[in-house]
Amino acid sequence: MFDPYEIRKDFPILNRRVKGKPLIYFDNAATSQKPIQVIEAIRNYYMYYNSNVHRGVHTLSQEASQLYEDAHDYVAKFIGARSFREIVFVKNATEAINLVAYSLGLHEFGEGDEVLVTLMDHHSNIVPWNIVSEVKGFKVKYVNITGDGRIDMDDLYSKLSSNTRIVCVPHVSNVLGTINDVKLIAKAAHEVGAYILVDGAQSVPHLPIDVRGFDIDFLAFSGHKMLGPMGIGVLYGKEEILSDMEPFLGGGDMISSVSARAREGFNIIYNALPWKFEAGTPNVAGAIGLMEAIKYLERLGMDNVRRYEEELVRYTIEKLGGLDGVEFYGPRDPSLRCGVVAFNVEGLGGHETASLLDDYGIMVRSGHHCAQPLHEFFRINNSARVSYYIYNLREEIDVFIEALKEIVVMTSEL
Ligand code: 7TS
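Throughout what follows, the structure given in this document is the object of discussion. (Residues numbered from 1 in each chain as written. Predicted model: local features only at pLDDT ≥ 70, side-chain atom pairs only at ≥ 80, totals over all residues. Heavy atoms only, no water.)

### Regarding the overall build of the protein chain
In step 1: Of regular secondary structure, the protein chain possesses 14 helices and 17 strands.
In step 2: Viewed in the frame of its principal axes, the protein chain has a C-alpha envelope of about 80 × 55 × 35 Å.
In step 3: In the protein chain, buried positions account for 56% of the 414 residues.
In step 4: Summarising the internal contacts of the protein chain: among those between residues at least 6 apart in sequence, 72% fall at separations of at least 24.
In step 5: Split by element, the accessible area of the protein chain, about 17,300 Å² in all, is 50% carbon and sulfur.
In step 6: Distance between charge centroids for the protein chain: 2 Å, based on 40 positive and 55 negative side chains. (Helix = DSSP H or I, 4+ residues; strand = E, 2+ residues; numbered from the N terminus. Buried < 20%, exposed > 50% of the residue type's maximum accessible area, 1.4 Å probe, protein only. Contact = heavy atoms within 4.5 Å. Areas by Shrake-Rupley, 256 points an atom, 1.4 Å probe, with all protein chains shown as cover. Lys, Arg positive; Asp, Glu negative; His and termini not counted. Charge placed at Lys NZ, Arg CZ, Asp CG, Glu CD.)

Shown next, in the form of structure tokens:
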């Protein structure tokens, strides 16, 4: 197991104070903090290698291109993909999902087809499918969840049919923390001939991932939630599926040739994978930062990351369970969830709770967390949410619980 106190030394921002109190950063599901190694890698790139990639024979372009390609390799190994050809760099998880919705949905789905999403999906796994369905006339149906915040597998099985073209699920819910059994869902989807797209925005930073072991077709995630910089994300897709898909964006670097024909317009041949899906100048610094973030996580070991966070969430659930006037959501068993806990204080809105916690130096997110259907299911408008990472400490949870106790007392006296 790693030493979280040693890890903290790598994160300069954790030395900050907020409102005179030591910063307690519990908003990692929104974005993680960045270690000095990632910050330095980006700085070094701009200081010593900055150049456009795949566009020249000069030394700087060669060096930048090599690092950019290495980053694809690192990501492929990190998630158990077969090769870098299955790794497409995009802006974030949202863009990765839109890529699939447009490249597959717009070109291959039509009337009579169905797309399944779940009630616990982030809006980014719901809205793109709805936008494309309005053009193509396929249906977007949702799969229910259980009262304790798991996917209702009976409902999933009953909605799967030969009309289902793709099943979209979050690997981990950004509100409930629930870890979904994506291997089982992939098997069910494949049995009816459907694809599966896993939204890994909240799982890839926190759990060991094995896309081949899970047998999933697509995985979307963001670099900024896993110690990397903002503006870089990943779409994993099985090579045989990606090679048959139409491109999402057109432009430079995604073609192998374009030639003007007098009568027929242009003849365009697309580039090899993954470049066919990476039109335009990419985020080279972001890719290098993400590679460094992966090196950092690999040094810790993703099994250890998971074990450490499970202990933090176990402790939180134990403490919250004993607090009158506080309700929290999702499975009670910490082995079924990641380090995310959404909660409400009786008589307070999520934003009020979050702003009171801010006075204690504790950063938590509030609102509907881009998962409004899930909040509707629990008949609440919003919630406050703590979400942990490798540098969070049990002592910080103690400070948070004591602050919550004071807030509950204060609210009941109003
Ligand atoms: N999918 C899930 C499950 C997410 O939690 C998020 C972001 C996204 C997709 C989108 O990620 P992006 O990097 O493309 O924006 N979730 C959150 C959150 O829970 N709080 O802020 C952002």
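### Points about the pattern of salt bridges
In step 1: Summed over the entire model, instances satisfying the criterion amount to 21 salt bridges.
In step 2: Glu6 is paired through a salt bridge with Lys9; the nearest N and O atoms lie 2.7 Å apart.
In step 3: Residue Glu6 is classed as partly exposed on the basis of its relative accessible area of 42%.
In step 4: The exposure class of Lys9 is exposed, given its relative accessible area of 62%.
In step 5: One salt bridge connects Asp27 with Arg385, and the closest N-O pair in it is separated by 3.4 Å. One end of the pair, Asp27, is in the loop between strand S3 (24-25) and helix H2 (36-49); the other, Arg385, is in strand S17 (residues 383-387), with 358 residues separating them in the sequence.
In step 6: Note on Asp27: relative accessible area 14%, which makes it buried.
In step 7: Through salt bridges that share partners, Arg306, Glu310, Glu311 and Arg314 make up one connected network. (Salt bridge = Lys/Arg side-chain N within 4 Å of Asp/Glu carboxyl O.)

### Considering the side chain of Glu114
In step 1: Topologically, Glu114 is positioned in strand S5 (residues 114-118).
In step 2: Given the relative accessible area of 9%, Glu114 is considered buried.
In step 3: Looking at Glu114, its side chain comes within polar contact range of the side chain of Lys141, at 3.3 Å.
In step 4: In contact with Glu114, not counting residues within four places along its chain, are Lys139, Lys141, Lys159, Ser161, Asn163, Thr164, Arg165 and Ile166. (Polar contact = N/O pair within 3.5 Å; in protein donor to acceptor, adjacent residues only side chain to side chain.)

### Describing the nonpolar core
In step 1: Core analysis: the biggest nonpolar cluster contains 107 residues, and Ile79, Phe89, Leu219 and Ile390 have the highest contact counts within it.
In step 2: Considering each element in turn, this core owes the most residues, 11 residues, to helix H10 (residues 284-300).
In step 3: A domain split of this core shows at least three residues from each of domain 1 (4-26 + 301-412) and domain 2 (39-298).
In step 4: Ignoring anything within four residues of it in the chain, the contact list for Ile390 reads Phe2, Pro4, Ile7, Phe11, Leu227, Tyr296, Leu300, Val305, Tyr308 and Glu309.
In step 5: Leu104, Phe109, Val115 and Phe277 belong to the second-largest nonpolar core, a separate cluster that totals 26 residues. (Core = buried A, V, L, I, M, F, W, Y, C linked by side-chain atoms within 4.5 Å. Domains from an automatic or database assignment.)

### Topic: the layout of surface pockets
In step 1: Here the largest pocket is characterised by a volume of approximately 260 Å³.
In step 2: What lines the largest pocket is a set of 20 residues, and nearest its centre among them are His122, Ser124, Ala201, Gln202 and Lys225.
In step 3: Roughly 210 Å³ of internal volume is contained in the second largest pocket.
In step 4: Contributing to the lining of the second largest pocket are 17 residues, with Phe89, Val90, Lys91, Glu95 and Ala279 lying nearest its centre.
In step 5: Elements supplying a minimum of two residues to the lining of the second largest pocket: strand S4 (87-90) and helix H4 (93-108).
In step 6: Class assignment for the residues of the lining of the second largest pocket results in 10 nonpolar, 4 polar and 3 charged. (1 Å grid on protein atoms, 1.4 Å probe; cavity = no way out; pocket = protein on both sides within 12 Å on 5 of 7 lines; lining within 4 Å. Points joined across faces, edges and corners; volume = space filled by probe spheres on them. Nonpolar A, V, L, I, M, F, W, Y, C, P; charged D, E, K, R; others polar.)

### A closer look at the site of the ligand
In step 1: Lining the immediate surroundings of the ligand are 16 residues, of which Thr94, Asp199, Gln202, Ser222 and Arg385 lie closest.
In step 2: Side-chain polar atom of His122 to a nitrogen atom of the ligand: 3.4 Å apart, as the coordinates give it.
In step 3: Note that a nitrogen atom of the ligand is positioned 2.7 Å from one of the side-chain N or O atoms of Arg365.
In step 4: Relative to its unbound accessible surface of 490 Å², the ligand loses 89% to contact with the protein.
In step 5: The cavity where the ligand resides is the largest pocket.
In step 6: When grouped by side-chain class, the residues that make up the shell around the ligand number 4 nonpolar, 8 polar and 4 charged. (Near = heavy atom within 4 Å. Sits in = over half its atoms within 2 Å of the grid points.)

### What to know about the sheet that holds S17
Strand pairing in a sheet relies on backbone hydrogen bonds, with the paired strands running either antiparallel or parallel.
In step 1: The sheet built from 4 strands is open, its strands ordered S13-S14-S17-S16 with antiparallel pairing. In this open sheet, the two edge strands, each paired with only one partner strand, are strand S13 (326-328) and strand S16 (365-367). Taking the axes of each pair of neighbouring strands and ignoring which way they run, one obtains an average angle of 30° across the sheet.
In step 2: Pairing between S13 and strand S14 (residues 340-345): 3 bridges, direction antiparallel. Bridge pairing in S14 links Val326 to Val345.
In step 3: On top of the sheet, helix H14 (residues 394-412) reaches S13, S14 and S17; it is set at about 20° to S14, its chief contact. (Pairing = 2+ DSSP bridges. Axes fitted to C-alpha atoms, helices over the stretch in contact; angles between N-to-C directions.)

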